[in-house]
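# Tertiary structure, described
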Amino acid sequence: MWNVVKSVLAAFFGVQKERRRQEDFTHGEPIKFIVVGILLAAVLVILIAMIALTAAG
Amino acid sequence: MRAMLAWVTGMGVSWLLAPAALANGWNMPKGVTEISRDIYSLHMTIFWICVVIGVVVFAVMFYSLFRYRRSQGAKADNFHEHTTVEVLWTTIPLLILVGMALPATATLQRMYDPSGADLDVMVTGQQWRWHYEYMDEGVSFTSSMSTPTSQISGEEARGENYLLDVDNPLVLPVDQKVRFLLTSDDVIHSWWVPELAVKQDAVPGFVNENWVRIEEPGIYRGQCTELCGKDHAFMPVVVHAMEQDEYDEWLAERKAEAEAEANSVDREWEMDELMERGEQVYGSVCATCHQQDGSGSGQFPALAGNDQMLDDVDWHKDVVVNGVSGTPMAAFGGSLSAVEVAAVITYERNAWDNDTGDVVQPSEIQEMLE
Ligand SMILES: [Cu+2]
């Protein structure tokens, strides 16, 4: 599971090692990546909203 | 090779010329408010960051093109990825962008904070002029372009402030926080004065806010900057900023005029007075559509020799006071005073050989407005 999270974060950042990419595409089910992707996207949105709200005071 | 050298030289020369061009009025103005200077320095900072990045990136590119050219036996290196480099070229731009966003956001925040204003001015866009109302002062007027049509048609040489002159400029005191409430009576306009760093849409049915604190007395010019129809190019903005005591004097005069006008509604007006006043109003408000000589054009009906209008005074009054909904003919009962409406109607009924001899009294219009 931790590997899935790391891969999703790497995708957010836009850089991934070729070795890890091959691993992701040969092991595990796609649904995990989708669910973690949606969850982390929500976290990102909340994070940005919180930064904006604190900045706006 | 030669073409490339020429290109590189050309680039170099333009970098050298850039500061000269900036100094020559090609750049945005520094302006006369704290916010405008902040925006200017943000603009210049970001500009120079872009210049440095551009120089570095292009230098590396041209150096590589030249150093590793095929004629010298250079061979392409075939590798797949380089995580460290990729991380670097993602992180560095991110840091640069955040570094630019922080001061820019701080400035935006101050721009969007109109609280604690000393003076409120309602700015209303109308096809094709601006209407200013000093809230709580009972002073309001329209501001129309005053550049003569003979200059626009080319019969006369262009004046110094061609298309940037108005009959009644917006007068503001310096060193006071002035809040603008912007809206429109018809379509979307946008009120823009570069020296004040204000560019704000005036949208029908909405009220937008903006503010200035002008630091130097002077005359600042701008234009409507949202395409709004046939005379979009002919609705300039002129702001006359003056010292507080001068402004107070101006305001007192305007107030006295407004009061005198309000008091004069009830008295009987002479034909001559109404004609004189009506001609002014017609020229600054109605002529853009119905033409100076009342001949109309396109969808704007002729008023000279308009039988329906001449036969039916009540209809004429109703059209001018209440407008014709769904057409560009606005309800002028809201933006003109009773005296102005009565005068312009009297004018239309007697100018251009219309000669009906009808006099429409301000008191009649006042009744319709109540
Ligand atoms: Cu406009």
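Heads up: these notes are all about the structure in this document. Residue numbers run consecutively from 1 along every chain, following the written order of its sequence. Throughout, the order in which chains and ligands are written sets their labels, letters from A for the former and numbers from 1 for the latter. Totals for whole chains, interfaces and linings use all residues, but because this is a predicted model, local features are given only for residues with pLDDT of at least 70 and pairs of side-chain atoms are given and counted only at 80 or more. Excluded from the side-chain calculation are hydrogens and water; included are all heavy atoms of the structure.

## Focus on the overall build of chain B
Which entries qualify depends on this criterion: Segments assigned H or I by DSSP are reported as helices when at least four residues long, segments assigned E as strands when at least two residues long, and all are numbered from the N terminus. The quantity called the radius of gyration is restricted to C-alpha atoms. Its globule counterpart is 2.2 Å times the number of residues to the power 0.38. Burial classes follow relative accessibility: with a 1.4 Å probe on protein chains only, a residue under 20% of its type's maximum area counts as buried, one over 50% as exposed, and anything between as partly exposed. Note on contacts: a residue pair is in contact if any heavy atoms of the two residues lie within 4.5 Å. Shrake-Rupley sampling with a 1.4 Å probe provides the accessible areas, and residues are treated as covered by the protein chains on show and by no other component. Working convention for charge: Lys and Arg count positive, Asp and Glu count negative, and His plus the chain ends are omitted. Lys charges are placed at NZ, Arg charges at CZ, Asp charges at CG and Glu charges at CD.
In terms of regular secondary structure, chain B is built from 11 helices and 10 strands. For chain B, whose C-alpha radius of gyration is 29 Å, the value lies well above the compact-globule estimate of 21 Å for 370 residues. Projected onto its principal axes, the C-alpha coordinates of chain B cover approximately 95 × 45 × 40 Å. By the burial criterion, 37% of the 370 residues in chain B qualify as buried. Long-range pairs, those at least 24 residues apart, make up 64% of the contacts in chain B between residues at least 6 apart in sequence. Looking at chain B as shown, the accessible area adds up to about 20700 Å², and 56% of this sits on carbon and sulfur atoms. With 22 positive and 56 negative side-chain charges, chain B shows a separation of 19 Å between the mean positions of the two kinds.

## A few points about the coordination of the copper ion
Residues and elements named next belong to chain B. Cut-off, in case you're wondering: Coordinating donors are taken to be N, O and S atoms lying within 2.8 Å of the metal, or within 3.2 Å when the metal is Na, K or Ca; because water is excluded from the atom set, some sites may appear incomplete.
Ligation of the copper ion by protein atoms is provided by H189 (ND1), C224 (SG), C228 (SG) and M235 (SD), these donors lying 2.0 to 2.5 Å from the ion. Donor residues for the copper ion sit on one chain with the sequence pattern H-x34-C-x3-C-x6-M. Highlighted residues: H189 in strand β6 (residues 189-193) and C224 in strand β9 (residues 218-224), separated in sequence by 35 residues. The class for H189 is buried, based on a relative accessible area of 0%. The exposure class assigned to C224 is buried, which follows from its relative accessible area of 5%.

## Digging into the nonpolar core
Most often, soluble globular proteins have nonpolar side chains that are buried together. For the record, the criterion: For our purposes a nonpolar core is just a set of buried Ala, Val, Leu, Ile, Met, Phe, Trp, Tyr and Cys residues, chained together by side-chain atoms within 4.5 Å.
With 37 residues, the main nonpolar core has V121(B), Y134(B), L172(B), F180(B), W191(B) and I214(B) as its most contacted residues. Judged by nonpolar contacts, the second largest core, of 27 residues, contains V281(B), F332(B), V341(B) and V344(B).

## With respect to the packing of aromatic side chains
Two aromatic rings are characterised by how far apart their centres lie and by the angle between their planes. Put simply, the rule reads: Centre distance within 6.5 Å is the pairing criterion for rings of Phe, Tyr and Trp, where only the six-membered ring of Trp is used; planes under 30 degrees apart are then read as stacked, over 60 as edge-to-face, and the remainder as tilted. Should the NZ of a Lys or the CZ of an Arg lie within 6 Å of a ring centre and within 35 degrees of the ring normal, that charge is described as sitting over the ring.
This model, assessed by the stated rule, comprises 11 aromatic pairs over all chains. Look at F58(B) and F62(B): their rings are 6.1 Å apart centre to centre, the planes differ by 25°, and that puts the pair in the stacked class. Here F58(B) and its partner F62(B) are both found in helix α2 (residues 34-67), four residues apart, which amounts to about one turn of the helix. For F62(B), a relative accessible area of 16% corresponds to the buried category. Ring plane angle 45° and centroid distance 5.6 Å describe the contact between Y282(B) and Y347(B), whose orientation is recorded as tilted. Residue Y282(B) is found in helix α6 (residues 271-290), and its partner Y347(B) is found in helix α10 (residues 338-350); the two are separated by 65 residues along the sequence. By the ring-pair criterion, three or more aromatic residues cluster together here, those being Y132(B), Y134(B), F141(B), Y247(B) and W250(B). One cation-aromatic arrangement involves R21(A) over F25(A); the distance from NZ or CZ to the ring centre is 5.7 Å.

## Examining α10(B)
Residue and element names in this part refer to chain B. The test is simple: The span expected for a helix works out to 1.5 Å for each residue beyond the first.
With 13 residues, α10 ought to run about 18 Å at 1.5 Å a step, and its terminal C-alpha atoms sit 18 Å apart, in line with that. Among the 13 residues in α10, 13 count as buried, and that is most of the element. Looking at the residues trailing α10, positive phi occurs at W352, about 45°.

## Some thoughts on the interface of chain A and chain B
Note the following rule: Two parts placed together each lose some accessible area; with a 1.4 Å probe, that loss summed over both constitutes the buried area. For salt bridges, the criterion is a side-chain nitrogen of Lys or Arg within 4 Å of an Asp or Glu carboxyl oxygen. Under this definition, polar contacts are N or O atom pairs within 3.5 Å; protein pairs additionally need one hydrogen-donor-capable and one acceptor-capable atom, and for neighbouring residues in sequence, both atoms have to be side-chain atoms. For this classification, the nonpolar set comprises Ala, Val, Leu, Ile, Met, Phe, Trp, Tyr, Cys and Pro, the charged set comprises Asp, Glu, Lys and Arg, and every other residue, Gly included, is treated as polar.
The interface is formed by eight residues belonging to chain A together with eight residues belonging to chain B. A combined buried area of about 610 Å² lies between chain A and chain B, and 59% of that area is made up of carbon and sulfur atoms. Viewed at the interface, chain B and chain A are joined by zero salt bridges. The interface formed by chain A and chain B contains one residue pair in polar contact (both at pLDDT 80 or more). The set of elements that each furnish at least two residues to the side of chain A that touches chain B consists of α2 (18-26) and α3 (30-56) of chain A. The class makeup of the residues in the side of chain A that touches chain B is four nonpolar, one polar and three charged.

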